[in-house]
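Listed below, chain by chain, are the residues.
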Amino acid sequence: MTSAASPSTLTGPPRRIGVAIPVILSVWILVSIWLLNWLTPMTSDDFSYASKGVSWEAIWRHYSSWSGRLVSDTLASWLLNLQAPWIASTLNTLALLGLVTILAALGARLAGQAFKPSVALLIFLLYWLCNPDLGQTTFWTVGAANYLWPNVFNFGFALAYLWRLETSRAPAWSTAALIALALLAGCSNENTGIVTAGLLAWVTYRHRRQHALGVWPLVWLACMAAGIAILILAPGNQLRAEAFAHWYEQPALWRLWDHFSRRFPDAMLRYAGIFLVLLAWRLYAGPPAPRARRAILVLMAAACLANAILALAPNIPKRALNGGMMYLLLAVSLYSHDLFSRTRTNKHWPGCLTRTLSIAILLWLLSSTLMLRAYHGTWQQDHVRRSILADGMQRGLSRIEIPQYHFLRTLRSRDRFDTFFDAQALSNYYNNPATIVEYPVQGHYDLRTQPQRRAP
């Protein structure tokens, strides 16, 4: 006669598997992000920002002649001048994980609920899969400094501001920290800074109707407004606009019509994956609570406003749409935390979340695997390009030809880093007078194979 199995015997292996899967997934996410950062070669504007440096003279010259993004431009130059590339890869990895955590925590605070790690995982997956230009906003160094890091400052300030607004007692150092963070948030990116400042001002006004406000929230908002003014009123912006004189010479009504009839709808369609998730939850998990629904609609309007502000820009690269996506990810965080609060009465939500996560994880595994393969290929190609440059400069050639990058297949073309070629910036970076040109290739190449030219 056999003895009955103990409860621990029956539940042990499944429990161990249930713990192992999240751990393995978390490790793979961390490793994938770091490796993609490390495998991304210096490219496009990286060379000009690396040459610019971080001296006060260089910062002022750039601010007064090209761009008001003091924070992003200085951060890009600093990251590119780090002696150990793995440090920049680690910092950019922490920035992405920090942004995901901030958006999940901010959604929890807006919903008045406890932070849920599963929501942070979902935000990460949607950031990756629905990003209008993942490679250029996250793994390309200058792109990360201009789009990933500003969102960390922007929404990090929003989270800290709401915490202080609702906290009667807080450490003294947090007051000074919020002043610095407010300036960083305002001086990082044009459209998200303006929209977030407006949202926080609106929240502050509503808070004042029911609670004593104090002077510090107004100081923090004023510091963010000062940062926005430093960004927008930079003399370099006026000089930069001269490069797009043909666009600014068009009538204002024509520019607005062109933006809202052509560019704006295309921008919002880039977020189709996030809208699909919100719609599926609405149909299968039910509507959010009235208070959460109003906040979600406000965040959707904020995403629209962030892209509407781009009507003032002569062109809109897909990476510029990254900011508007942040408000929609925040809406997803808010919605999911609100549904978690009603799990006892909403029996459909756990299954709905499980299906959403399962589909997103499978797509992410495919995307990350293809990206690692493609980025490793360009990393090998970068060794060839550097070898050709070193040989040409050693031989004193006046013209050096290097092969273009060839990407292996990725899930989306927007998963790739920027490949814009600036020959003059490359020559300046290597302090060599040679004319450097690129030629197209037929396929992948590395140090063992000769790059094959593609016929013109």
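A short tour of the structure in this document, coming up. Everything numeric in this text was worked out from a predicted model, so none of it was measured. (Residues numbered from 1 in each chain as written. Predicted model: local features only at pLDDT ≥ 70, side-chain atom pairs only at ≥ 80, totals over all residues. Heavy atoms only, no water.)

## Here we look at the overall build of the protein
Summing up its helical and strand segments, the protein has 19 helices and two strands in all. Against the globule reference of 23 Å for 456 residues, the protein gives a C-alpha radius of gyration of 24 Å, in line with a compact fold. Along the longest, intermediate and shortest principal axes, the C-alpha atoms of the protein span 80 × 75 × 45 Å. Per-residue burial for the protein yields a buried fraction of 48% across its 456 residues. Pairs at least 24 apart in sequence give 80% of the contacts found in the protein among residues at least 6 apart. Averaging the positions of the 39 positive and the 20 negative side-chain charges in the protein gives two centres separated by 16 Å. (Helix = DSSP H or I, 4+ residues; strand = E, 2+ residues; numbered from the N terminus. Rg over C-alpha atoms; globule rule 2.2 N^0.38 Å. Buried < 20%, exposed > 50% of the residue type's maximum accessible area, 1.4 Å probe, protein only. Contact = heavy atoms within 4.5 Å. Lys, Arg positive; Asp, Glu negative; His and termini not counted. Charge placed at Lys NZ, Arg CZ, Asp CG, Glu CD.)

## Focus: a positive patch on the surface
A cluster of basic residues, Arg 206, Arg 209, Arg 282, Arg 291, Arg 293 and Arg 294, forms a positive patch at the surface. With three residues, helix 16 (residues 290–308) is the largest single contributor of residues to the positive patch. Residue placement: Arg 209 occurs in the loop between helix 10 (190–208) and helix 11 (216–232). (Patch = residues over 30% accessible without salt bridge, like charges linked within 9 Å, V, L, I, M, F, W, Y side chains within 5 Å. Areas by Shrake-Rupley, 256 points an atom, 1.4 Å probe, with all protein chains shown as cover. Salt bridge = Lys/Arg side-chain N within 4 Å of Asp/Glu carboxyl O.)

## What to know about the pattern of salt bridges
Opposite charge on two side chains makes pairing possible when the charged atoms of those side chains draw close. By the definition in use, this model includes 15 salt bridges. In this structure, Arg 385 and Glu 438 form a salt bridge, with 2.8 Å as the shortest nitrogen-oxygen distance. Linking Arg 385 in helix 18 (residues 349–394) with Glu 438 in strand 2 (residues 435–439), this pair joins segments that are 53 residues apart in sequence. One continuous salt-bridge network, built from bridges that share partners, spans Asp 266, Arg 270 and Lys 318.

## Re helix 17 (residues 322–340)
When the terminal C-alpha atoms of helix 17 are compared, their 27 Å separation across 19 residues agrees well with the 27 Å that a helix rising 1.5 Å per residue should span. Counted residue by residue, helix 17 has 18 buried out of 19 residues, so it is predominantly covered. (Expected span 1.5 Å × (residues − 1).)

## Quick notes on the pairing of strand 1 (residues 399–403)
Within a regular beta strand, the side chains point alternately toward one face of the sheet and then the other, so they alternate between its two faces. As paired elements, strand 1 and strand 2 share five bridges and run parallel to each other. Each residue of the ladder has a partner; that of Ile 402, found in strand 2, is Glu 438. Crossover strand 1 to strand 2 through helix 19 (residues 423–429) is right-handed. (Pairing = 2+ DSSP bridges. Right-handed = clockwise from strand over helix to strand, strands pointing away.)

## Overview of the environment of Pro 22
With respect to the helices and strands, Pro 22 occurs in helix 1 (residues 7–39). Assessed through its relative accessible area of 42%, Pro 22 is described here as partly exposed. Each C-alpha atom of the pair Pro 22 and Leu 178 lies 34 Å from the other, and the pair is 156 residues apart in sequence.

## Structural notes on the side chain of Thr 137
Note on placement: Thr 137 falls in helix 7 (residues 134–139). Polar contacts involving the side chain of Thr 137 include one to the main-chain carbonyl oxygen of Asp 133, which spans 2.9 Å. Only 3.2 Å separates the side chain of Thr 137 from the side chain of Thr 138, close enough to count as a polar contact. Discounting residues that sit within four places of it in the chain, Thr 137 has contacts with Tyr 127, Asn 131, Gly 143, Ala 144, Tyr 147, Leu 148, Arg 319 and Asn 322. (Polar contact = N/O pair within 3.5 Å; in protein donor to acceptor, adjacent residues only side chain to side chain.)

## What to know about the environment of Leu 96
Within the element layout of this structure, Leu 96 appears in helix 5 (residues 85–111). Relative accessible area serves as the criterion here: at 0%, Leu 96 is assigned to the buried category. Residues Leu 96 and Phe 124, 28 residues apart in the sequence, show an inter-C-alpha distance of 8.5 Å. Discounting residues that sit within four places of it in the chain, Leu 96 has contacts with Ile 33, Phe 124, Tyr 127, Thr 138 and Leu 148.

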